[in-house]
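A structural walkthrough
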Amino acid sequence: MKTIINTQIPQFSLPAYADGQFKTVTDADLAGKWAILFFYPADFTFVCPTELLDMAENYDKFRALGAEVYSVSTDTQFTHKAWHDSSESIAKVKFPMLADKTGFLSDALGVLNTDNFLAYRGTFIVNPQGVIKVAEINDNGIGRNSDELLRKLEAAQFVAEHGDQVCPARWKKGEKTLTPGIELVGKI
């Protein structure tokens, strides 16, 4: 299996539900800012609303870091609207909900389960140049944590700005980083 880290996000054009409207989101919409692609199996399910609510509650933090969040499932934009209108949790979602009804983007990023045509819980951080910097895929019974995703976004942004430094395990913004070099070999 080939990695997608440091590869370009594929070209795509997907219908979406956002801001009370149907719209189209393309790869061009991701250009020039950090983006989070947050894949989940299906609307009207169990773990999914807890994750989307968690992302919604931290959406302003992602936006403050210059990132846009896009949730993605193989449901239609109409199903997204119905879920948004009927669920107290999903009503709090302000980010675009993409409808990957053909499975193109889910398949291109390796998260499409072809047995049931649902996406696995894939999370991707894409830099302003459209390059994938973080890719994580969970089985569908394992929910994610937006606080950890925020930490990873901050680390990706730090490394992008300070190319000579790296972020160690559990690094948080403002903490000490490492500068790789021979003098560190065997010292950590």
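The paragraphs below set out a description of the structure included in this document. Within each chain, residue numbers correspond to sequence positions counted from 1 in written order. pLDDT decides what is reported in this predicted model: residues at 70 or higher carry local features, side-chain atom pairs at 80 or more are listed and counted, and totals for whole chains, interfaces and linings draw on all residues regardless. To get the side-chain values, take all heavy atoms of the structure and skip hydrogens and water.

**Structural notes on the nonpolar core**
What makes a nonpolar core is a set of buried Ala, Val, Leu, Ile, Met, Phe, Trp, Tyr and Cys residues whose side-chain atoms join them at distances within 4.5 Å. The buried label applies to any residue whose accessible area, calculated with a 1.4 Å probe on protein chains only, is under 20% of its type's maximum; exposed applies above 50%, and partly exposed to all values in between. In terms of nonpolar packing, the biggest core is built from 25 residues, with Ile36, Leu52, Met55, Phe62, Phe95, Met97 and Leu153 touching the most fellow members. Should any heavy atoms of two residues lie within 4.5 Å, those residues are counted as being in contact. In this view, Met97 contacts Pro15, Ala16, Tyr17, Tyr40, Leu52, Ser71, His80, Trp83, His84 and Ile90; residues no more than four positions away in its chain are not counted.

**Quick look at the sheet that holds strand E1 (residues 13-18)**
Pairing in this open sheet of seven strands is mixed, and the strands run E2-E1-E5-E4-E3-E8-E9 from one edge to the other. Whereas interior strands pair on both sides, the edge strands pair on one side only; in this sheet they are strand E2 (21-26) and strand E9 (132-138). Averaged over all pairs of adjacent strands, the angle between their axes in this sheet comes to 25 degrees, without regard to strand direction. As paired elements, strand E8 (residues 121-126) and E9 share six bridges and run antiparallel to each other. Bridge pairing in E9 links Gly122 to Ile137. The strands touched by helix H3 (residues 77-86) within the sheet are E1, E2, strand E4 (67-73) and strand E5 (97-99), with E1 carrying the most contacts at an inclination of about 15 degrees. Interaxial angles span 0 to 180 degrees and are taken between N-to-C directions of axes, which are lines fitted to C-alpha atoms, for helices over the stretch in contact. Numbering of helices and strands runs from the N terminus, with a helix taken as a DSSP run of H or I at least four residues long and a strand as a DSSP run of E at least two residues long. Relative to strand E3 (residues 34-39), helix H5 (residues 146-161) is tilted by about 145 degrees, and along the sheet it contacts E3, E4, E8 and E9. A pair of strands is labelled paired if DSSP reports no fewer than 2 bridges between them.

**Thoughts on unusual backbone geometry**
Where the residue is not glycine, phi is negative for most of them; where a peptide bond is considered, it is trans in most cases. With a phi angle near 55 degrees, Asp19 is a residue other than glycine that sits in the positive phi range. Looking at the element boundaries, Asp19 is found in the loop between E1 and E2. According to the relative accessible area criterion, Asp19 is exposed, its value standing at 61%. Although it is not a glycine, Phe44 sits at a positive phi angle of roughly 60 degrees.

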